[in-house]
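If you want the building blocks of each chain, they are given just below.
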Amino acid sequence: MLYGCNDKNTLGDAAMESRPHPPEQAEGDTFPKLLLDNARRRADRPAMRQKDLGIWRTWTWAQMKDEVMRFALGLEALGVKRGDTVAIIGGNRPRLYWTFVAAQSLQAIPVPVYSDAVAEEMAFVLDHADASFAVCQDQEQVDKCLGEQERLPKLKTLIYDEPRGLRDYDPEHLHAFSAVQAIGADRLATDPKLAASWERRIMAASGDDPSTILYTSGTTGQSKGVVLPAAGAVAAARDTAAFDHISERDEVLAYLPLAWVGDHYLNYAQGLVAGFCMACPESPDTVQQDLREIGPTFYFAPPRVFESLLTRVLIRMEDASRPKRAMFHHFMRVAKRHGEAILDGRPVPLPGRIAYWLGERLVYGPLKNVLGFSRIRTAYTAGEAIGPDLFSFFRSLGINLKQLYGQTEAFLYITAQADGAVRADTVGPAMTGVTIKLADKGEVLFKSPGMFTGYFKAADKTVEALTEDGFVKTGDAGIFEPDGQLKIIDRAKDVGRLTDGSLFAPKYLENKLKFFPEIREAVTYGDGRDFVTAMLNIDLIAVGNWAERNNIAYASYQELAQHPRVAETIRAHVAATNRALADDPQMAGMQIRRFLVLHKELDADDGELTRTQKVRRAFVAERYAPLVEALYGGKTDCFISTEVTFEDGRKGLIQATVAIHDAETTTSRAKAAA
Amino acid sequence: MAIDALDDTRTAIPPQMASAPPLLDVRDVSLSFGGVKAIRGVSLDIRKGEIRAIIGPNGAGKTSMLNVINGFYYPQEGTITYKGVPRRRMRPYQAAASGIARTFQNVALFKGMTTLDNIMSGRTLKMHRGFFWQLLRVGPALEEEVAHRRRVEDIIDFLEIEAIRKTSVGRLPYGLQKRVELGRALAMEPDLLLLDEPMAGMNVEEKEDMCRFILDVREEFGTTIALIEHDMGVVMDISDRVVVLDYGEKIADGTPDEVRRDQNVIDAYLGVPH
């Protein structure tokens, strides 16, 4: 089965590049070329903003080009040359984004690294990428690099953005960003022809060269370096920018990890193509406030963020006065009935429209304003399945939230939903220029314009990831709906069967559980077992708030998690999940029979979650083997002692007796009828 | 690394510095409240640029000592020399004007005001335009406010509290309130910063953050810091010299290592069998 927007089965590179793009998009097949063109055609339009000392500072495209040029020429003086890899470690800062273009303008390859990675993980990437230069945000990142110096003989030069705390450091291999720019400025002053020759070199560069290496977060083991070609990356960004009519009038807030493909694609790549303005938050903690101040028109967030936003809204509504609460609930019912229909342009009776209009004035508008969503034209979510109720909540407010499905290897987009054709349980048809087919076991295979050229220094893994005819294996199991929209069920390798042969899709189940605000994380087991069990994490904010209102005293997460009344609440949620599963004959077999509330929160520092906050199911099963055993062994409680890692790297022990509960199941309607 | 760097500077403190006139010199000070002798003939000095810790068991007279230093109490006996000038009686506002800032054991902020306003209040002494100018908020008064706001924003940036800039401090968790209080003290650009149990009631992470801030304050602003602290680990890690009080008397004074080995200190903390 082949779905694709273009009817050619083979996708020659030439075919991709020749596809016409909207005239307002910048010209060029590499990012530095796009920068030069943007600096020409929209010199005075804002390119970047950053809040510093409480004030938004703006750089125009012309100024940004200038900043990049000075830094690039400084880097060159320090020895960066074609083919070098330049690591970029830190948060969303204009200077770090400039580093990308600056390195690319020298035909060096920028390699962003997750800034919250522990030193060891970071050293692995730096070493594997052969990084000789690293541009760090601050002392914390510099310290991590210096701490692993012995493992990183290739790393010669460190550059930092924020000088704080770095005064006493050895200055020989450590330079301030501004000092490097000063070197560039000096070179420009002494050689008037240098600027022109820098631009000439950019224009002469080939789009076939690698543009970046993005390391995967390592959901499935050690992270791999995905090499992305410049021309392909630009072509992909052109398609999606055109697809969503993104123009220079758009504005985004870059708050997602710099090293993640999502941020690099949606903000950096699309920003350079469309020439819109990218704002950087003041600090990671101020994102909510900055969002409100900037009012982005294009927004991306993983389902997790929407989830926590909804939780926060609901909690705050609980604390609101009675009339306000009544008004909120009334208009949310109105929104539920008419909101999505209005958003999708479907017919809605006049009274419904009037009620919705009133709701917009009284509830939705102010709520969107608080969340910073007032100006959103297009919003996407991806990365995980999103709960249908959660999805419709935001859509019914009038936020054009859509789903996309993508991968680092594709340089993001594989599928995306078009405006007006949005559903919660699918991820849309193939994106412009992408061809998708399904392998025998339902695994999704694709070819895309931004497709990677291989894993860095891992040819064997590249071969593994590709089919013989050059499609990339995603590892996700999916099915096509009759209307051509793709539906992702789970990781292909995770989809399993119970001993009675019924289907077990753990992620599907976990997502259903996680939609309850009290449940933060869920891990389910059932493949090859007699029945399904679940380990849950409660949401400390939601449950803590509930505990406060019900006069339940607790000292820690651990204590609250094991509180009998919390168990009661969770048990009701599990029962509700089971009832919903029973409605679907295919899913009825995977009802949860037994569950427990874990005594500690799953944490990336302990390896239980990936850096992108996905559960490592197998690792969790191994780590909590006694608990899994107890779940299936019929015990009512189980003692467990777990080693935990604190943020500073120290280790400690958490011990607890975890209660195990039986869940209420519902007889499947299909079965009952039989 | 910063800790290592600190170690270097600590060992590098030249011996002649010991003979240099101290920033603050307390000689044979005694303080009593009625019959209760809070401090009995204690002498200690604080040298410029050092982090000086005052430790001791409960009721040892630590906070009283701090109150003596910033003029809140004045001792019945003894002399205090600050910046080479002897003084006996001093009002707290005079202490503030002469460059002594402090934080309190139990946070003393303006709870209803925002973080920004609280820190801004630390600039009061540095504002020169009168009440009416400030009221009009035009011309020189506005310029002045902008300049001060800049300094305050630097401090907000320094303490990484951007996210709570406009939150009223009463709603903040304790650890953050402590940080705001430090911010207000820093806003005075003090020569001597007195911290009364800056880490009390904090968890490990908050403590580490606070340690880093204290070290950074010294590095960034060159401020001399005297701190009272219960947490021995913290004290030994960040202080250059430690003075130990017990029942109002000084029982030890020296580098953290010396103090750690001192038998009197061990006895005071662990108790002696009778």
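Keep in mind that this is a model prediction, so the values were computed, not measured.

Scoring rules and cut-offs
Residues numbered from 1 in each chain as written. Chains lettered and ligands numbered in written order. Predicted model: local features only at pLDDT ≥ 70, side-chain atom pairs only at ≥ 80, totals over all residues. Helix = DSSP H or I, 4+ residues; strand = E, 2+ residues; numbered from the N terminus. Buried ≥ 20, exposed ≤ 12 C-beta atoms within 10 Å, placed from the backbone. Contact = placed C-beta atoms within 7 Å. Domains from an automatic or database assignment. Nonpolar A, V, L, I, M, F, W, Y, C, P; charged D, E, K, R; others polar. Core = buried A, V, L, I, M, F, W, Y, C linked by C-beta atoms within 7 Å. Pairing = 2+ DSSP bridges. Axes fitted to C-alpha atoms, helices over the stretch in contact; angles between N-to-C directions.

A.B. asks: In this structure, what is going on with the overall build of chain B? I would like to understand it.
C.D. replies: Each helix and strand counted, chain B has 12 helices and 10 strands in total. Projected onto its principal axes, the C-alpha positions of chain B cover 65 × 40 × 40 Å. The proportion of buried residues among the 274 residues of chain B is 38%. Once local pairs closer than 6 in sequence are excluded, the contacts in chain B between residues at least 24 apart make up 69%.

A.B. asks: Sorry, what's going on with the overall build of chain A here?
C.D. replies: Across its full length, chain A carries 23 helices and 28 strands. In terms of its C-alpha atoms, chain A occupies a principal-axis envelope of roughly 85 × 60 × 60 Å. With 674 residues in all, chain A has 49% of them scored as buried. Long-range contacts, defined as pairs at least 24 residues apart, comprise 66% of the intrachain contacts of chain A with a sequence gap of at least 6.

A.B. asks: Hey, could you run me through the domain arrangement of chain B in this one?
C.D. replies: Residues and elements named next belong to chain B. Splitting chain B by domain gives domain 1 (1-99 + 205-274) and domain 2 (107-189). Relative placement of domain 1 and domain 2: their C-alpha centres are 27 Å apart. With six residues of domain 1 at the interface, the matching set in domain 2 holds seven residues. In terms of residue class, the side of domain 1 that touches domain 2 is built from four nonpolar, no polar and two charged.

A.B. asks: What is the right way to look at the interface of chain B and chain A in this model?
C.D. replies: Many analyses report the size of an interface as the accessible area lost when the parts associate. In this complex, chain B contributes 16 residues to the contact, which on the side of chain A involves 16 residues. Looking at the side of chain B that touches chain A, the elements with two or more residues in it are helix H1 (2-12), helix H7 (139-158) and helix H9 (204-221) of chain B. A total of five residues in the side of chain B that touches chain A trace back to one element, the largest contributor, which is H9(B). For the side of chain B that touches chain A, the class distribution of residues is five nonpolar, no polar and 11 charged.

A.B. asks: Whenever I open this one, the nonpolar core confuses me. Can you help?
C.D. replies: In this structure, Val86(A), Ala87(A), Ile88(A), Val113(A), Leu126(A), Ala134(A) and Leu536(A) are the most contacted members of the largest nonpolar core, which totals 195 residues. Beyond its immediate chain neighbours, meaning those up to four positions away, Ala87(A) contacts Val111(A), Val113(A), Leu126(A), Ala129(A), Ala131(A), Phe133(A) and Ala134(A).

A.B. asks: How should the environment of Gly359(A) be read in this particular structure?
C.D. replies: Residues and elements named next belong to chain A. Counting through the fold element by element, Gly359 comes out in helix H14 (residues 350-371). Residues Gly359 and Phe328, spaced 31 residues apart in sequence, show a C-alpha to C-alpha distance of 8.7 Å. Residue contacts for Gly359: discarding those within four places in its chain leaves Phe331, Val334, Ala335 and Tyr364.

A.B. asks: What should I look at first to understand the domain arrangement of chain A in this one?
C.D. replies: Residue and element names in this part refer to chain A. When its domains are assigned, chain A resolves into domain 1 (2-297), domain 2 (303-374 + 376-491) and domain 3 (496-673). Taking only C-alpha atoms, the centre of domain 1 and the centre of domain 3 are 40 Å apart. Contacts between the two partners involve eight residues from domain 1, matched on the other side by five residues from domain 3.

A.B. asks: Just checking my understanding: could you explain the sheet that holds strand S8 (residues 224-228) of chain B for this structure?
C.D. replies: Residues and elements named next belong to chain B. The strand order across the open sheet formed by six strands is S6-S7-S8-S3-S9-S10, and the pairing between neighbours is mixed. This sheet does not close on itself; its edge strands, each paired only once, are strand S6 (100-103) and strand S10 (249-254). In this sheet, neighbouring strand axes are inclined to one another by 15° on average, regardless of whether the strands run parallel or antiparallel. Pairing geometry for strand S7 (residues 192-196) and S8, over five bridges, is parallel. Pairing of Leu195 across the sheet is with Leu227, part of S8. Here helix H8 (residues 174-187) sits on the sheet and contacts S6 and S7; the angle it forms with S6, its principal contact strand, is near 175°. Contacting strand S9 (241-246) and S10, helix H12 (residues 263-270) runs over the sheet at an angle of about 125° to S10.

A.B. asks: What should I look at first to understand unusual backbone geometry in this one?
C.D. replies: Peptide bonds are trans in most cases, and residues, glycine excluded, mostly fall at negative phi. Of note, Asp130(A) is a non-glycine position whose phi angle comes to about 60°, a positive value. With respect to the helices and strands, Asp130(A) occurs in the loop between helix H5 (119-128) and strand S6 (131-136). With phi around 50°, Lys83(B) is a residue other than glycine that occupies positive phi space. Inspection of the secondary structure assignment puts Lys83(B) in the loop between strand S4 (77-82) and strand S5 (85-87).

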